[in-house]
Amino acid sequence: MALHHHHHHDPINQGIFSAPHDPATGGDHASIVGPPLQSDEDKVLKSLIYPDDTYTSEGTYWADLPFGKQLAFNAKVDMAEAAKELRSTGYMVKEDALSPVAWYFKNAILPGAGLGLEGYVLFSIGNVTPLFAAVWPSCWGKYTVCTKTWVDAISYLEISGIIVGQIIVGFLGDGIGRRWGLIQDAIVMFIGLLMLVASWGTRGEYPMTATAAMENATGSGKVSTKEDRLHRGRKVTMAFLMQGWGQFFNQSLLIVLLLIFHHGSGNPPYSAVAAQWIFRVSFAIPALGTLWLVYYRYYKMPLASKTLKAVKKKARVTGYDVQSLKLTCKHFGGRLIATAGAWFANDVFFYGNKLFQSQFIAVISPGNKSVMTGWLWNLVNVGVSLCGYYLASFLIDNKFIGRKRLQQLGFLMDIVLFVVPGWHYSYYTTKAHIGAFQTMYFLSSFFNQFGPNSTTFLVAAEVYPTPVRATAHGVSAAAGKLGALTAAVVFTYIDIVEKFHFVPWFGLVGMIVTFIFLPDTTGLDLKEQERRFEYIRAGREHEYHGIAVHPHHLSVWERFRGAGKSYNPELDYKDKVKDIREEWTNRQVEKVASDDLVIFDDEYPPEIHDYFVRTSSVPVVKKKNSPQGSGADSDETSNEKNEKNEEANS
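Residues numbered from 1 in each chain as written. Predicted model: local features only at pLDDT ≥ 70, side-chain atom pairs only at ≥ 80, totals over all residues. Heavy atoms only, no water.

Caption draft 1: Examining the overall build of the protein chain more closely. A tally of regular secondary structure across the protein chain gives 28 helices and two strands. Within the protein chain, the proportion of its 650 residues that are buried is 55%. A separation threshold of at least 6 residues defines the contact pool for the protein chain, and within that pool the share at least 24 residues apart is 80%. Of the accessible surface of the protein chain, which amounts to about 28,500 Å², a share of 64% is contributed by carbon and sulfur atoms. (Helix = DSSP H or I, 4+ residues; strand = E, 2+ residues; numbered from the N terminus. Buried < 20%, exposed > 50% of the residue type's maximum accessible area, 1.4 Å probe, protein only. Contact = heavy atoms within 4.5 Å. Areas by Shrake-Rupley, 256 points an atom, 1.4 Å probe, with all protein chains shown as cover.)

This is the structure we're talking about:
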């Protein structure tokens with residue numbers, strides 16, 4: 001008897017955000033080759049409950065191992081997975097040299113298309129501001145026509161619109177579902193682009209893309225996959241990093257448009273006609289992309305809400321799940337402090353990063369008034385940021401590094417990279433030392449993306465239960481924009497040196513809330529987190545003994561409150577067997593009572609199903625045309641079929 005992985009050629013996740021794990025795009029699940037004997041039933045269940053990428057052969061959870069053995073076990077799993085992915089990629093290249101490009105487009109670019117457009121639109125407003133200041137100085141520079149308060153209010157209103165959008169869209173995503181939340185978000189962004197006011201739509205992408213990518217990574221069935229456990233963080237951050245590409249393409253396009261409409265030159269003076277064309281064309285292009293996004297999400301993503309619907313159906317909830325929101329606030333309130341607080345602190349850093357650029361340009365090119373210089377340096381900075389995005393995506397699932405340590409490292413490095421130039425500002429802004437100042441600028445961008453900017457996006461969806469995931473993510477993201485608004489307002493009242501002294505304190509705040517309130521969910525099976533929430537919802541919190549309350553996966557605050565005291569692997573195994581049988585029994589009862597011709601049988605592998613059929617008196621119906629190829633060929637119950645087999649054997 002051996003463990004085997006079935007691969008279905010027809011993907012079962014069509015219409016859900018795909019995300020990269022390896023070149024296979026079909027649904028796959030673990031199974032055992034050959035029918036298990038009656039004496040092997042315990043092994044059948046253990047193959048499901050103790051997957052070999054998470055448990056040792058003795059059934060010990062990886063986080064229960066001594067530190068040295070943890071490193072060895074996880075390194076072995078990661079190396080085996082990396083070798084599998086390399087082999088799969090090699091097979092793809094052998095069959096078609098361009099197939100990896102097509103795969104990346106389908107599994108990484110499409111899931112993050114909304115965030116790519118969001119990044120393009122959001123950062124374009126800041127990118128075109130220097131051009132406006134050069135063309136209309138009476139309004140944007142000298143403030144003779146427009147007051148400075150009026151000009152600053154543009155940034156304030158933009159951020160305020162983002163905050164409102166993130167919160168409202170988060171609630172909509174949990175209320176009307178992921179699919180319609182994604183569709184309305186694209187529609188609002190399209191309308192906003194037509195009006196050249198796109199604040200609501202752009203950042204509503206945050207909660208919708210994060211939850212959709214997260215739930216596709218986890219799946220809606222009862223059994224988690226190796227790809228979820230080992231690559232969930234990478235799947236979500238690969239969608240998120242499209243924001244960086246959106247910013248990159250926006251800046252690149254503005255440079256090209258300036259050359260086109262300004263007679264091949266990037267130098268001033270700039271005409272009002274050229275500025276108008278650059279501005280309007282740069283917004284027209286994403287408007288077309290957003291219109292396509294509306295089409296794609298409406299027609300190509302019919303199953304985006306599958307996981308949320310399954311959870312609501314089980315809880316017998318329609319509309320917004322208010323009870324889950326109350327329970328989340330009660331049991332996971334500390335996590336909300338972590339995700340919202342860290343995001344707030346991070347966005348102060350993100351906004352503060354702009355402090356460097358104007359200063360080193362003034363030293364490198366004194367008297368320079370060309371917007372092209374700033375745009376080119378910004379393009380380089382975005383390229384450095386993309387390196388941080390990709391490295392974070394590559395390492396975020398490593399259990400030794402993980403989400404929490406990566407976030408702490410990013411905050412720490414950004415503190416250093418602001419404190420050093422802040423306390424020696426006059427030294428580093430001289431011509432002799434401006435190179436070091438410029439290096440710190442690029443490093444601060446790198447570590448912001450390599451650390452908290454990527455991790456806050458991921459954990460704000462990962463640490464919450466499905467019914468309120470979009471809401472919690474939207475609130476956390478809105479808190480982040482509140483941090484950006486705080487920086488925007490405060491920076492108007494303090495000088496450049498004081499700004500460098502102001503920003504690092506928020507890195508310290510970010511480190512503190514991360515250390516105390518953020519759990520490390522790296523390597524945690526999210527099916528277990530959902531299972532724990534089911535116990536909480538049923539008022540049986542202390543009866544849950546699984547890995548979701550393992551001390552490794554709880555925050556310092558949660559451990560202090562005693563959440564990890566109920567962890568007990570032996571009791572949890574018995575509870576899991578009981579829970580699996582109960583889930584399976586309820587499913588069979590539902591099938592027998594169903595008039596549907598097609599039943600999705602994606603919850604459990606065939607061996608588990610067959611085991612429960614043999615050991616249960618519940619009538620089981622195998623419907624025709626099972627979409628998962630379950631082998632069903634008649635409408636008779638499995639019990640009836642077993643009786644016929646016994647008669648034939650006798």
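Caption draft 2: View of the confidence of the model for the protein chain. Per-residue pLDDT for the protein chain has a mean of 82; in total, 85% of the residues score no lower than 70. Low pLDDT, under 50, characterises residues 197-202; the predicted model gives this stretch 22 contacts beyond four residues in sequence or across chains. Low pLDDT (under 50) marks residues 623-650, which in the prediction has 45 contacts with non-local residues, meaning those over four places away or in another chain. (pLDDT = per-residue confidence, 0-100.)

Caption draft 3: Region of the structure containing the environment of Ala 479. Secondary-structure assignment places Ala 479 in helix 21 (residues 469-491). Between the alpha carbons of Ala 479 and Ala 340 there is a distance of 5.4 Å; along the sequence they are 139 residues apart. The residues contacting Ala 479, other than those within four sequence positions of it, are Ala 340 and Phe 344.

Caption draft 4: A look at the state of the cysteines. All told, the structure shown has one disulfide when counted by the stated rule. Cys 139 shares a disulfide with Cys 146; S-S distance 1.9 Å. Disulfide Cys 139 to Cys 146: torsion about the S-S bond roughly -100 degrees, handedness left-handed. With relative accessibility at 13%, the residue Cys 146 sits in the buried group. (Disulfide = S-S within 2.5 Å.)

Caption draft 5: Quick look at the side chain of Thr 429. Summarising the element assignment, Thr 429 is placed in the loop between helix 18 (425-428) and helix 19 (434-450). A distance of 2.7 Å separates a polar side-chain atom of Thr 429 from the backbone oxygen of Tyr 425. Excluding anything up to four places from it in sequence, Thr 429 contacts Val 363, Ile 434 and Phe 437. (Polar contact = N/O pair within 3.5 Å; in protein donor to acceptor, adjacent residues only side chain to side chain.)

Caption draft 6: Region of interest: unusual backbone geometry. Here the bond from Pro 268 into Pro 269 is cis, since omega is 5 degrees, no more than 30 degrees from zero. Secondary-structure assignment places Pro 269 in the loop between helix 10 (242-261) and helix 11 (272-299). The backbone phi angle of Tyr 143 is positive, close to 60 degrees, even though this residue is not glycine. Summarising the element assignment, Tyr 143 is placed in the loop between helix 5 (137-140) and helix 6 (148-175). Here the phi dihedral of His 263 falls at roughly 60 degrees; this positive angle occurs in a residue that is not glycine. Note that His 263 resides in the loop between helix 10 and helix 11. Residue class for His 263 comes out exposed when judged on its relative accessible area of 77%.

Caption draft 7: Looking closely at the packing of aromatic side chains. Summed over the entire model, instances satisfying the criterion amount to 48 aromatic pairs. Both rings, one in Trp 292 and one in Tyr 296, keep their centres 5.3 Å apart while their planes meet at 25 degrees; by these two values the pair is stacked. Of this pair, Trp 292 and Tyr 296 both sit in helix 11, four residues apart, which is roughly one turn of the helix. The exposure class assigned to Trp 292 is partly exposed, which follows from its relative accessible area of 38%. By the ring-pair criterion, three or more aromatic residues cluster together here, those being Phe 349, Phe 356, Phe 360, Trp 377, Phe 411, Phe 418, Tyr 425, Phe 437, Tyr 441, Phe 442 and Phe 500. The aromatic ring of Tyr 298 is capped on one face by Arg 179, whose charged end is 5.2 Å from the ring centroid. (Phe/Tyr/Trp six-rings, centres within 6.5 Å; stacked < 30°, edge-to-face > 60°. Lys NZ or Arg CZ within 6 Å of the ring centre and 35° of its normal.)

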